[in-house]
Amino acid sequence: AGPPLRQPRMAHTATTLRDGSVLIAGGFTDRALAAQSAERFDPTRDAFVALPPMRHPRHTHTATVLRDGRVLLVGGYTADGIVAHAEIFDPRTAEFRDAGAMHERRAG
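What comes next concerns the included structure.

Quick look at the overall build of the protein chain now. Scanning the protein chain from N- to C-terminus turns up zero helices and 10 strands. Element order for the protein chain, N to C, with α for helix and β for strand: β-β-β-β-β-β-β-β-β-β. In terms of overall size, the protein chain behaves like a compact globule, its C-alpha atoms giving a radius of gyration of 13 Å where 108 residues would be expected to give roughly 13 Å. Dimensions along the principal axes, computed over C-alpha positions, put the protein chain at roughly 40 × 35 × 20 Å. By residue count, 40% of the 108 residues in the protein chain fall in the buried class. Contacts spanning at least 24 positions in sequence make up 37% of the contacts within the protein chain whose residues lie at least 6 apart. Summing over all exposed atoms, the protein chain offers an accessible surface of approximately 6300 Å²; the carbon and sulfur share of this is 52%. Side-chain charges of the protein chain comprise 14 positive and 12 negative groups, with the mean position of each set lying 3 Å from the other.

This is the structure we're talking about:
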């Protein structure tokens, strides 16, 4: 068994980054709220490290590694319904930034 997540969550994404670490983003918490939090699993330390929050809370979204190593997070759900926002995580700066809105809301 490995170390516990910093925040319990479900319906999150777990995306392997180029350096072997894993981005854990969003999901919903034990209170059934869409999470805005993110963390990174560092296999060299066998530990989860807190990251700055995502730009938008979301669960049941997608996360895709881009050619340059950044991660595109798209869609999902919040308490208000289906999300139209997209954002990008940059592993070099450990920051999320807005990537605009989709023409149609998507989740799942």
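Moving on: the sheet that holds strand β6 (residues 71-74). Spatially, β5-β6-β9-β10 is the arrangement adopted by the four strands of the open sheet, whose pairing is antiparallel. Looking along the sheet, the strands with just one partner apiece sit at the ends: β5 (62-65) and β10 (95-101). The average angle at which neighbouring strand axes cross in this sheet is 25°, direction not considered. Sheet topology places β5 next to β6; four bridges connect them, and they run antiparallel. Following the sheet pairing, Thr62 is matched in β6 by Val74.

The biggest cluster of nonpolar side chains holds 11 residues, and these are Leu17, Leu23, Ala25, Ala38, Leu51, Met54, Val71, Leu73, Phe89, Ala94 and Phe96. Only β2 (22-25) and β6 provide two or more residues apiece to this core. Excluding residues within four positions of it along the chain, Ala25 makes contact with Arg9, His12, Thr13, Ser37, Ala38, Met54, His61 and Leu73.

Rules used in this analysis
- Residues numbered from 1 in each chain as written.
- Predicted model: local features only at pLDDT ≥ 70, side-chain atom pairs only at ≥ 80, totals over all residues.
- Heavy atoms only, no water.
- Helix = DSSP H or I, 4+ residues; strand = E, 2+ residues; numbered from the N terminus.
- Rg over C-alpha atoms; globule rule 2.2 N^0.38 Å.
- Buried < 20%, exposed > 50% of the residue type's maximum accessible area, 1.4 Å probe, protein only.
- Contact = heavy atoms within 4.5 Å.
- Areas by Shrake-Rupley, 256 points an atom, 1.4 Å probe, with all protein chains shown as cover.
- Lys, Arg positive; Asp, Glu negative; His and termini not counted.
- Charge placed at Lys NZ, Arg CZ, Asp CG, Glu CD.
- Pairing = 2+ DSSP bridges.
- Axes fitted to C-alpha atoms, helices over the stretch in contact; angles between N-to-C directions.
- Core = buried A, V, L, I, M, F, W, Y, C linked by side-chain atoms within 4.5 Å.

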